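Chain residues, written in single-letter form:
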Amino acid sequence: MSVNKEIKRITTNTIQEMKVRGEKISMLTAYDYSMATIVDEAGTDIILVGDSASNVMAGHETTLPITLDQMIYHASSVVRAAKRALVVVDLPFGSYQGNSKEALNSAIRIMKEAGAHAVKIEGGVEIAESVSRILTAGIPVMGHLGLTPQSIYKFGTYTVRAKHEAEAQKLREDALKLQELGCFGVVLEKIPAKLAQEVSESLQIPTIGIGAGQHCDGQVLVIHDMLGINKGFKPRFLRQYSNLYDIMHDAIKNYNTDVKSNGFPNEKEQY
Ligand code: KIV
């Protein structure tokens, strides 16, 4: 007799219930099938196909160059792997800023062609019309406030945002607006922990922090950063859970040595 172990999919409702229960939400990025399989099977609640793929997968300096087609390619690979996690996909730079119709078309392509479960979009009141239009089509939307990397050339630096009252107040208003529009959650990136706590306590929808302290309803990290694949990237908020750069480097070095010394393959490793 086979035992059918059914895996229950995390939905935006599950995420909302977790906030109500005070249960922390774990989110990590993934961009390909193999990594997403591990992230999913390890019990991560949300997999974010972030436009950070532009940095960690393609080697660009910023998130700006990645295209909608490239995001859809990454997202479809992740969706095929994720059996339990909610898969959220970033709307890349240039795919939604034009107008709300363009934003809706981009979101629809992500849902239709990649099979994603939700989209994430950077910005507050200035993108309200686009957020609203996407939501009207039945597509769940996650907001993203604070350090929004698609605006890096406006900020000029990746430093902590909303340290001053005017920007903090705008962030509070943006967060409330996103909730009012119907977003199911909001990422808070690199803002003071005290402000993130205040926003998290004032919202009914969950906040997911990155560099925003321990009082957010959940946390997100870029998978390459937390696994220590990006050797040089060590911001204060990042906890490295492994040192995969060195582990992979040593394994590959050993392989190269074995091949060159005719130590691989041996007699048992051939037909
Ligand atoms: O693209 C990304 O990985 C993100 C996270 C840093 C939140 O937006």
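Note that the structure is a prediction, hence the values are computed from the model and not measured.

Attention shifts here to unusual backbone geometry. That bond from phenylalanine 264 to proline 265 is cis: its omega, -5°, falls within 30 degrees of zero. Summarising the element assignment, proline 265 is placed in the segment after helix H11 (244–260). Positive phi, close to 55°, is recorded for alanine 162, a residue that is not glycine. Within the secondary structure layout, alanine 162 lies in the loop between helix H7 (152–155) and helix H8 (165–181). Despite not being glycine, lysine 190 has its phi angle at roughly 45°, a positive value. If you trace the backbone, lysine 190 turns up in the loop between strand E6 (185–189) and helix H9 (193–202).

Next up on the list: the environment of lysine 5. Residue placement: lysine 5 occurs in the segment before helix H1 (12–21). As a C-alpha pair, lysine 5 and asparagine 99 span 94 residues in sequence and 45 Å in three-dimensional space.

So, about the environment of alanine 114. Within the secondary structure, alanine 114 sits in helix H5 (residues 100–114). In this structure alanine 114 comes out as buried when scored by relative accessible area, which is 6%. Between the C-alpha atoms of alanine 114 and isoleucine 7, which are 107 residues apart in sequence, the distance is 21 Å. Setting aside anything within four residues of it in sequence, one finds alanine 114 in contact with Ile72, Ala75, Ser76, Val79 and Arg109.

Once that is clear, we can look at the domain arrangement of the chain. Partitioning the chain into domains gives domain 1 (12–240) and domain 2 (244–270). The centre of domain 1, based on its C-alpha atoms, is set 38 Å off from the matching centre of domain 2.

Our focus in this paragraph is the UniProt feature "active site" (unreviewed entry) in the chain. Here, the residues flagged by UniProt with the feature "active site" (unreviewed entry) are Glu189. Assignment of secondary structure puts glutamate 189 in strand E6. Among all residues touching glutamate 189, those that are not within four sequence positions of it are His144, Leu145, Gly146, Leu147, Pro149 and Ile210.

Right, let's get into the UniProt feature "binding site: Mg(2+)" (unreviewed entry) in the chain. Sites flagged by UniProt as "binding site: Mg(2+)" (unreviewed entry) map to Asp51, Asp90 and Glu122. Taking the farthest pair of C-alpha atoms as the criterion, the annotated set spanning 72 residues converges on one region, since that pair is 10.8 Å apart. Among the structural elements, aspartate 51 can be located in the loop between strand E2 (46–49) and helix H3 (53–56). The exposure class assigned to aspartate 51 is buried, which follows from its relative accessible area of 4%. Setting aside residues up to four positions removed in sequence, aspartate 51 forms contacts with Thr63, Ile66, Met71, Asp90, Glu122 and Gln150. Relative to the elements of secondary structure, glutamate 122 occurs in strand E4 (residues 118–122). Judged by relative accessible area, glutamate 122 falls into the buried class, the value being 6%.

The subject of this paragraph is H9. For H9, the full list of buried residues reads Leu195, Ala196, Val199 and Ser200. Across the axial projection of H9, the buried residues extend over an arc of 135°, all falling on one side. The exposed residues of H9 that point more than 90 degrees off its buried face are Lys194 and Glu201. On its buried face, H9 is in contact with H1, H8, E6 and strand E7 (207–210).

Reading guide: rules and limits
Here, residues in each chain are numbered from 1, in the same order as that chain's written sequence. In view of the model being predicted, local features appear only for residues whose pLDDT reaches at least 70, and side-chain atom pairs are presented and counted only at 80 or more, with totals across whole chains, interfaces and linings using the full set of residues. The side-chain numbers reported here are obtained from all heavy atoms of the structure, hydrogens and water having been left aside. Each helix is a run of H or I in the DSSP string that is no shorter than four residues. Each strand is a run of E no shorter than two, and both are numbered from the N terminus. For every residue, the accessible area obtained with a 1.4 Å probe (protein chains only) is divided by the maximum for its type, and the residue is called buried under 20%, exposed over 50%, and partly exposed between those limits. Note on definitions: a residue-residue contact is assigned when non-hydrogen atoms from the two residues lie within 4.5 Å. Domain ranges listed in this record stem from an automatic or a database domain assignment. UniProt positions are given in the numbering used here, feature names are shortened, and annotations may be inferred rather than shown by experiment. Throughout, the arc means the angular range of directions from the helix axis out to the C-beta atoms.

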